[in-house]
Every structure is written in structure tokens, then in C-alpha cells.
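Each chain is listed here by its residues.
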Amino acid sequence: MSTPETTTAAPLTTQDAEALLQAARSAAEAAGVRTAISVVDAGGHLLAFRRDDRAVLIAGETSTRKAFTALQLNAPTADLVDAVQPGGPFHTLPTALDRPLLFLAGGVPVHRDGRLIGAVGVGGGAPEQDHEFATTAIATLG
């Protein structure tokens, strides 16, 4: 009997999470946008969080929900917006679970060696800006 090949990927560490947070924050600051940034691990646990002093208060909640949604569906939330619209394949998904998902751009999964290891969520800017800040952060992760 043969055994399947398994590959492991190093998990997202708190050091990784802090680096992602700082990279997203730098991108947001360069654009003059006040944000909240959340980084979750593969289990959906919050590893890092920061809300700028003058970011809208709801940005903290939206950044965390965006990260969780990107993790659970292993897809950028920007790619899922149309799927939850009336008539879309996931129309009822936002209300089907106990933990609320958020289908606004700004949540992006984090992969290492082809494995899902966490996600970044950014809230506070326009959805397109939040997505850009999150993807910029992920691009810096080595």
C-alpha cells in the first residue's frame, strides 16, 4: 500500500503577522488612508490587529470579518462580491453561518508552499483600496 505524499507548510507566525500588518499599514499611510488591519491564522484566530487612531470605528470589525471570510472560502473577498448578490450561487451564505462573513473587498488569503496558512483583512478605505493594501502586504511576505 502506498502512502500519499504530504507536504507541510510552515504556519503563519506572529512575526509573519506583524510583518503583514506593517506592510499593509505602510501602503495605507502612503495613500493617506486610515485603516484597521487584521491578520488571522489558518484556524481563524487573530494573530495581529491594529486600528489607526482616526480610522472609522467599524473598520476594526470589518477588517476582521474580511480576513475570516477570505480564510474560510480561500479566496479574496473582492472575488466573492458578485457571488452573494441576489441570484448568485452564494446568495444565502452571508446569513447561513453563526459567525458573520463579510463580502466586501479587502480580505485576502495567505498561502505558503501552496497551502492556506491565514488571511489578511483591511477596512477603512474604499473597498478597492483595502484590497490593494492587503495584496501589497501579502506580496512582501517571504
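Residues numbered from 1 in each chain as written. Predicted model: local features only at pLDDT ≥ 70, side-chain atom pairs only at ≥ 80, totals over all residues. Heavy atoms only, no water.

## Focus on the overall build of the chain
Right, on to step 1. The secondary structure content of the chain amounts to 4 helices and 4 strands.
Right, on to step 2. The helix and strand sequence of the chain, counted from the amino end, reads α-β-β-α-α-β-β-α.
Right, on to step 3. Computed over C-alpha atoms, the radius of gyration of the chain comes to 15 Å, within 12% of the 14 Å expected from 2.2 N^0.38 for 142 residues, which places it in the range of a compact globule.
Right, on to step 4. Dimensions of the chain along its principal axes, counting C-alpha atoms only, are 60 × 40 × 20 Å.
Right, on to step 5. For the chain, with 142 residues in total, the buried portion stands at 44%.
Right, on to step 6. In the chain, once contacts between residues fewer than 6 apart in sequence are set aside, the share between residues at least 24 apart is 65%.
Right, on to step 7. In the chain, 10 positive and 15 negative side-chain charges are present, and the distance between their average locations comes to 7 Å. (Helix = DSSP H or I, 4+ residues; strand = E, 2+ residues; numbered from the N terminus. Rg over C-alpha atoms; globule rule 2.2 N^0.38 Å. Buried < 20%, exposed > 50% of the residue type's maximum accessible area, 1.4 Å probe, protein only. Contact = heavy atoms within 4.5 Å. Lys, Arg positive; Asp, Glu negative; His and termini not counted. Charge placed at Lys NZ, Arg CZ, Asp CG, Glu CD.)

## Thoughts on the environment of G87
Right, on to step 1. Counting through the fold element by element, G87 comes out in the loop between α2 (58–73) and α3 (93–96).
Right, on to step 2. The class for G87 is exposed, based on a relative accessible area of 79%.
Right, on to step 3. Separated by 25 residues in sequence, G87 and R112 have C-alpha atoms that sit 34 Å apart.

## Thoughts on the side chain of K66
Right, on to step 1. Positionally, K66 belongs in helix α2.
Right, on to step 2. A distance of 2.9 Å separates a polar atom in the side chain of K66 from the backbone oxygen of A105.
Right, on to step 3. Beyond its immediate chain neighbours, meaning those up to four positions away, K66 contacts T77, L102, L104, A105, G106, G107, G121, V122, G123 and D130. (Polar contact = N/O pair within 3.5 Å; in protein donor to acceptor, adjacent residues only side chain to side chain.)

## Concerning the side chain of S38
Right, on to step 1. Relative to the helices and strands, S38 is located in strand β1 (residues 36–41).
Right, on to step 2. Separated by 2.8 Å, the side chains of S38 and T64 make a polar contact.
Right, on to step 3. When neighbours within four sequence positions are excluded, S38 is seen to be in contact with L46, A48, F49, G60, S63, T64, A67, A119, V120 and G121.

## Brief notes about the sheet that holds β1
Right, on to step 1. A sheet is described by the order of its strands in space; here 4 strands give the open sequence β2-β1-β4-β3, paired in antiparallel fashion. Pairing within the sheet leaves two strands with one partner each, and these edge strands are β2 (46–51) and β3 (107–112). Going across the sheet, the axis of each strand differs from the next one's by a mean of 15°, ignoring polarity.
Right, on to step 2. Two strands pair when backbone bridges link them, and β3 and strand β4 (residues 115–123) are joined in this way by 6 bridges, in the antiparallel orientation. Following the sheet pairing, V110 is matched in β4 by G118.
Right, on to step 3. Together, β1, β2, β3 and β4 form the strand contacts of helix α1 (residues 14–30), whose direction differs from that of β2 by roughly 25°. (Pairing = 2+ DSSP bridges. Axes fitted to C-alpha atoms, helices over the stretch in contact; angles between N-to-C directions.)

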